[in-house]
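Geometric and topological summary
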Amino acid sequence: MLCRMLQQCRHSIQIMTLKKLTEKRKFMKDKLNKFMQGRYGVDQFARFTLGVALFCIVIGSFLRTGIAGEILDMLGFILIIYTYYRILSRNVSARYGENQKYLGYTQNIRNRFDKEKNMMQQRKTHHIYTCPGCGQKIRIPRGKGQKVEIDCPKCHQKFIKRR
């Protein structure tokens with residue numbers, strides 16, 4: 001009987017502490033949201049600079065013997081400070097412009113990665129062949145047989161591919 005009462009008491013204490021933790025977490029989240037109002041926040045350029053900063057710090061930690069490690073560490077910390085300056089900045093238009101400039105510079109690279117990612121997803125359901133005449137990529141659904149005669153929609157050259 002006493003053991004059962006202790007278990008119930010322990011259970012009610014756990015519930016009360018969980019409620020307090022949830023309230024405290026909500027309170028801190030509200031405080032952070034209030035602090036970040038009117039500030040720019042995290043964007044793609046901030047993620048990139050933070051990644052480069054962490055990369056520099058990790059590489060710098062492996063190169064402790066020379067001055068290169070110290071330079072990479074310093075560069076990493078400067079990039080972290082710059083990233084947090086951008087995140088906490090209230091000058092939204094300037095930070096937006098910086099991010100747009102970064103996105104403009106990296107657009108070709110991002111498009112290439114997106115295209116490759118799309119091709120990898122399509123390879124699960126389709127075979128992708130290249131026309132020998134014009135270089136056009138042609139998708140053929142998987143499971144269409146061992147030999148497939150393909151008519152290129154661009155140059156109308158016929159070619160046979162074996163799976």
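Cut-offs used in this document
Residues numbered from 1 in each chain as written. Predicted model: local features only at pLDDT ≥ 70, side-chain atom pairs only at ≥ 80, totals over all residues. Heavy atoms only, no water. Helix = DSSP H or I, 4+ residues; strand = E, 2+ residues; numbered from the N terminus. Buried < 20%, exposed > 50% of the residue type's maximum accessible area, 1.4 Å probe, protein only. Contact = heavy atoms within 4.5 Å. Areas by Shrake-Rupley, 256 points an atom, 1.4 Å probe, with all protein chains shown as cover. Core = buried A, V, L, I, M, F, W, Y, C linked by side-chain atoms within 4.5 Å. Salt bridge = Lys/Arg side-chain N within 4 Å of Asp/Glu carboxyl O. Patch = residues over 30% accessible without salt bridge, like charges linked within 9 Å, V, L, I, M, F, W, Y side chains within 5 Å. Lys, Arg positive; Asp, Glu negative; His and termini not counted. Charge placed at Lys NZ, Arg CZ, Asp CG, Glu CD. Axes fitted to C-alpha atoms, helices over the stretch in contact; angles between N-to-C directions. Parallel < 35°, antiparallel > 145°, perpendicular 65-115°, else oblique. Left-handed = near helix turned anticlockwise from the far one by under 90°. Nonpolar A, V, L, I, M, F, W, Y, C, P; charged D, E, K, R; others polar. Pairing = 2+ DSSP bridges.

**Things to note about the overall build of the protein chain**
A tally of helices and strands in the protein chain yields 5 helices and 4 strands. Split into buried and exposed, the 163 residues of the protein chain put 23% on the buried side. For the protein chain, the share of sequence-separated contacts (at least 6 apart) that also reach a separation of at least 24 residues comes to 37%. Approximately 13200 Å² of the protein chain is accessible, and the part contributed by carbon and sulfur atoms is 61%.

**Section: the nonpolar core**
Judged by nonpolar contacts, Tyr 129, Cys 131, Ile 138, Ile 140, Val 148, Ile 150, Cys 152 and Phe 159 together constitute the single largest core of 8 residues. Within the residue set of this core, elements represented by two or more residues are β2 (137–141) and β3 (147–151).

**Looking at the pattern of salt bridges**
Tallied over the entire structure, the rule returns 3 salt bridges. Across the salt bridge formed by Asp 43 and Arg 86, the nearest N and O atoms sit 3.1 Å from each other. Here the residue Asp 43 occupies a position in the loop between α1 (2–36) and α2 (44–62), and Arg 86 occupies one in helix α3 (residues 67–88), the gap between them amounting to 43 residues. Accessibility expressed as a relative area gives 5% for Asp 43, which makes it buried. You can call Arg 86 buried: its relative accessible area is 0%. With a closest N to O distance of 3.1 Å, Glu 98 and Arg 95 form a salt bridge. With a gap of 3 residues between them, Glu 98 and Arg 95 both fall in helix α4 (residues 92–105), about one helical turn apart. The partly exposed category is assigned to Glu 98, whose relative accessible area is 25%. Several salt bridges converge on common partners, so that one network encompasses Asp 43, Arg 86, Arg 95 and Glu 98.

**Describing a positive patch on the surface**
Taken together, the side chains of Lys 115, Arg 123, Lys 137 and Arg 142 present a region of like positive charge at the surface. Note on placement: Lys 115 falls in helix α5 (residues 107–122).

**A few points about the packing of α2 against α3**
The geometry of α2 relative to α3 is characterised by a closest axis approach of 8 Å and an angle of 160° between their N-to-C directions. On the basis of the axis angle, α2 is roughly antiparallel to α3. You can see that α2 and α3 cross each other, and the crossing is left-handed. Side by side, α2 and α3 meet where Phe 45, Ala 46, Thr 49, Leu 50, Val 52, Ala 53, Cys 56, Ile 57, Ile 59, Gly 60 and Ser 61 of the first sit next to Gly 69, Leu 72, Asp 73, Leu 75, Gly 76, Phe 77, Leu 79, Ile 80, Tyr 82, Thr 83, Arg 86 and Ile 87 of the second. The class makeup of the residues in the contact of α2 with α3 is 15 nonpolar, 6 polar and 2 charged.

**Comments concerning the pairing of strand β4 (residues 158–162)**
Of the strand pairs in this sheet, β3 and β4 are connected by 5 bridges, and their pairing is antiparallel. Bridge assignment links Ile 150 to a residue of β4, and that residue is Phe 159. Taking the residues between adjacent antiparallel strands as the criterion, β3 and β4 are bridged by 6 residues, where His 156 takes a positive phi near 60°.

Distances and angles like these do not, on their own, reveal function.
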